[in-house]
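For reference, the chains in residue letters:
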Amino acid sequence: MLDAVRETWKSLIEEQLALYAKEVFGTDVQLPPLAVQTPPKPELGDLAFPLFAYAKMLRTAPPMLASSLKTRLEKVEDRPLGDLLVAGPYLNVRIDTAALATALSVQLSEQKELYGTNKSMAEKRVTIEFSCPNTNKPLHLGHMRNDSLGESVAAILKANGATVRKVNLINNRGVHICKSMLAYQKFGNGETPQSSGIKGDHLVGKYYVMFAQWAKEDPTAEDQAQEMLRQWEAGNEQVIELWKLMNGWTLDGLHESYQKMGISFDAYYYESETYKYGKDEILKGLEQGVFYREEDGSVWVDLEPIKLDKKVLLRKDGTSLYMTQDVGTAIMRHKDWPFDSLIYVVASEQQYHFRVLFYVLDRLGYDWAKDLHHLSYGMVNLPDGKMKSREGTVVDADELVDTLTSLARKEIEAKEREALVDDIEKTSQSIALGALNYYLLQVTPTKDMIFNPAESISFNGNTGPYLQYMGARISSMLRKYESEYADIQKLGFDSSLLTLSDERELIKQIALYPEVVRKAGASYDPSLLCSYLYDLSKLFSRWYHDNPVLKAATPDLVRSRIELATMVLQVLKNAFGLVGIPFLASM
RNA sequence: GCGCUCGUAGCUCAGCUGGAUAGAGCGCCGGACUUCGAAUCCGUAGGUCGAAGGUUCGAAUCCUUCCGGGCGCACCA
């Protein structure tokens, strides 16, 4: 809604600039588009239009130009509400926030949880692939950034009107899977999740670690794992049985973790089925002459056109590779559910892989290759360096969630709020999730980030729980309002009473929300919403601290401030849904 | 060596298509609860935006070079 106001002023001023230029030069002049900015301080208005470029062209000092434009604009009859002010070389506008608030109030009460959504991607079918765990160990912090991003981007795209299909490709085959199987075969003694009380994925992970230890002492271990893989591919019954058994354990564990973390998928793919795909496609490409065969029989693609070297696509024995599979999988997916766009949420270390993959698909003649996107995100490091599974510094996902949950519970108990929250366990878990998702999504995806455990468990400052707390406080106040202020509820909303600087800022921030949703969607960047949420919450918090709402001076003022708080609450809820922060009416 | 990417306060991060005095959180120090939830709010200190050139009326933002960190450059996935 703010963008509409901005556009109106912009084109109005541009119009006047053009007229002015015409007078000066006696002919139509092509002027550069006017920049719209936000003034650094509220006193300077709400919109800023820098005039440097035009002043130079028209040979006037910018402040002179600003004031003559102001005079001209004030004569325009049907101009929008709001005041013009000259601020040095800028022509600024103080918009009519009361009118804006009235319009917002209507829009919000009609749209409710749909406020902020739009139809810009209404025709788009988007497949988003994320998570893609191996079935030899439980989820860790690295997966969590991936999962948070995947879920959030999916939600953001939906908010922009897209039809989204979330898919997960389970990496359930390969030599690394065989390693945990082999270790289990040797040392397992029939242990099961039931017998040991260990969650399935953790149990399998335990044997994966055990393999690594064993391999240090026994140099034949690696070969044995390779041999087991050959048996798996040959369909050896015993091996397949063990594989099914252990994969089942892991998947049960992973599903439990997903559920706890609010992660879900529309479709699952399994590498044990997809790993054979792609071979035919590569051979077809060979026939078409887009690939070539080396003397030893292997098939290659020349990457000179994208300034890379070359890449093998089929081994000399005709077996496929990671790249081959991904080519096949993409094609199969497009047949399965034709998409307008496919997003791969995968760590930045695989940038090269995706550049090649997209190029290969393009060479094969798939015109949708241009619609593939690698949402590349940076590494998650610890304050003292990288996570190393060998050194045991990997942060386990289940453990982290549990730790945060119990800390949240302690906090609730310490504040003696058990009675306020209906289900303390559920609430604690929601706080933990809010803290984690916000922590992980706050950073621009492409950047590496440092995960500071001490900081992540903090509920103060710029954190998920801080945002949740604002939601809880507003909810609490509104409950009180609804039960005790029947008379005031009958009054109408008078937006002209919201004249404080903080109130004007809040109104603008509420109006800004739809744009943030749009931008976050266009750039696949949830961190924009995180920043937005923090700004909104901080603004609200300060205003709420300084100004009484229910105890405001007059009934009309109470009514108006309640309306403002109600709008803030709705926007908080809506935005929470896009970044994985559970809303809590009390905490 | 080549390619990609990132260097902003002690630490973790913002900074929109170049624009007004570069912002938050944490931490430090100091304030604010008989009043709507103090998981809160307010204030002080803290920066040659990695360095040097260049483009521009104007650069943290764009270009070049250099320095420093990360990640890739497998007939592994």
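It should be emphasised that the depicted structure is a prediction, and the values quoted were computed from it without experimental measurement.

1. A few points about the sheet that holds strand E6 (residues 267–270)
Alright, step 1. Ordered by their spatial adjacency, five strands build an open sheet running E6-E5-E4-E10-E11, and the pairing between neighbours is parallel. The open sheet terminates on both sides in strands that have one partner only, identified here as E6 and strand E11 (372–377). Sheet twist, expressed as the average angle between the axes of neighbouring strands with direction ignored, equals 25°.
Alright, step 2. Sheet strands touched by helix H14 (residues 351–363): strand E10 (341–347) and E11. Its angle to E11, the strand with the most contacts, is close to 180°.

2. What to know about helix H3 (residues 62–75)
Alright, step 1. The terminal C-alpha atoms of H3 lie 20 Å apart, and with 14 residues this matches the ideal 20 Å at 1.5 Å per residue to within 8%.
Alright, step 2. Taken as a whole, H3 has its buried residues at Pro62, Leu65, Ala66, Leu69, Arg72 and Leu73. Down the axis, H3 shows its buried residues gathered within 130° of arc, on one side only. Every exposed residue of H3 that faces more than 90 degrees away from the buried side is listed here: Met64 and Lys75.
Alright, step 3. Among the structural elements, helix H1 (2–25), helix H2 (52–58), strand E2 (82–87) and strand E3 (90–95) are those in contact with the buried residues of H3.

3. Quick look at the protein's contact with RNA strand B
Alright, step 1. Neighbouring RNA strand B are 63 residues; Lys56, Tyr90, Arg315, Arg417 and Asn547 lie closest to it.
Alright, step 2. Atoms of RNA strand B within 4 Å of the protein belong to the sugar or the phosphate in 60% of instances, the rest to bases.
Alright, step 3. Here a phosphate oxygen of RNA strand B and a side-chain polar atom of Lys538 are 3.2 Å apart.
Alright, step 4. Backbone polar atom of Asn547 to a base nitrogen of RNA strand B: 2.4 Å apart, as the coordinates give it.
Alright, step 5. Secondary-structure elements contributing two or more residues to the surface near RNA strand B are H2, E3, H14, helix H15 (397–414), strand E13 (449–450), helix H18 (464–484) and helix H21 (527–546).
Alright, step 6. Counted by class, the surface near RNA strand B contains 29 nonpolar, 15 polar and 19 charged residues.

4. Considerations on the pattern of salt bridges
Alright, step 1. Using the criterion set out here, one finds 27 salt bridges in the structure.
Alright, step 2. Residue Glu515 is joined to Arg6 by a salt bridge in which the shortest nitrogen-to-oxygen separation is 2.3 Å. Here Glu515, found in helix H20 (residues 501–523), pairs with Arg6, found in helix H1; they are 509 residues apart in sequence, far enough to count as distant. Per residue, the accessibility class of Glu515 equals that of Arg6, and both read buried.
Alright, step 3. One salt bridge connects Arg561 with Glu503, and the closest N-O pair in it is separated by 3.0 Å. Of this pair, Arg561 sits in helix H22 (residues 555–576) while Glu503 sits in helix H20; the two residues are 58 residues apart in sequence, bridging distant segments of the chain. Assigned by exposure class, Arg561 and Glu503 land together as buried.

5. A look at the sheet that holds strand E9 (residues 310–314)
Alright, step 1. Spatial strand order, E7-E8-E9: three strands in an open sheet with antiparallel pairing. Each having just a single partner strand, strand E7 (292–293) and E9 make up the two edges of the open sheet.
Alright, step 2. With two bridges connecting them, E7 and strand E8 (residues 299–302) associate as antiparallel partners. Bridging from a neighbouring strand, Tyr292 pairs with Trp300 of E8.
Alright, step 3. The sheet strands contacting H14 are E8 and E9, and the helix crosses E9 at an angle near 70°.

Reading guide: rules and limits
- Residues numbered from 1 in each chain as written.
- Chains lettered and ligands numbered in written order.
- Predicted model: local features only at pLDDT ≥ 70, side-chain atom pairs only at ≥ 80, totals over all residues.
- Heavy atoms only, no water.
- Pairing = 2+ DSSP bridges.
- Helix = DSSP H or I, 4+ residues; strand = E, 2+ residues; numbered from the N terminus.
- Axes fitted to C-alpha atoms, helices over the stretch in contact; angles between N-to-C directions.
- Contact = heavy atoms within 4.5 Å.
- Expected span 1.5 Å × (residues − 1).
- Buried < 20%, exposed > 50% of the residue type's maximum accessible area, 1.4 Å probe, protein only.
- Arc of directions from axis to C-beta.
- Near = heavy atom within 4 Å.
- Polar contact = N/O pair within 3.5 Å; in protein donor to acceptor, adjacent residues only side chain to side chain.
- Nonpolar A, V, L, I, M, F, W, Y, C, P; charged D, E, K, R; others polar.
- Salt bridge = Lys/Arg side-chain N within 4 Å of Asp/Glu carboxyl O.

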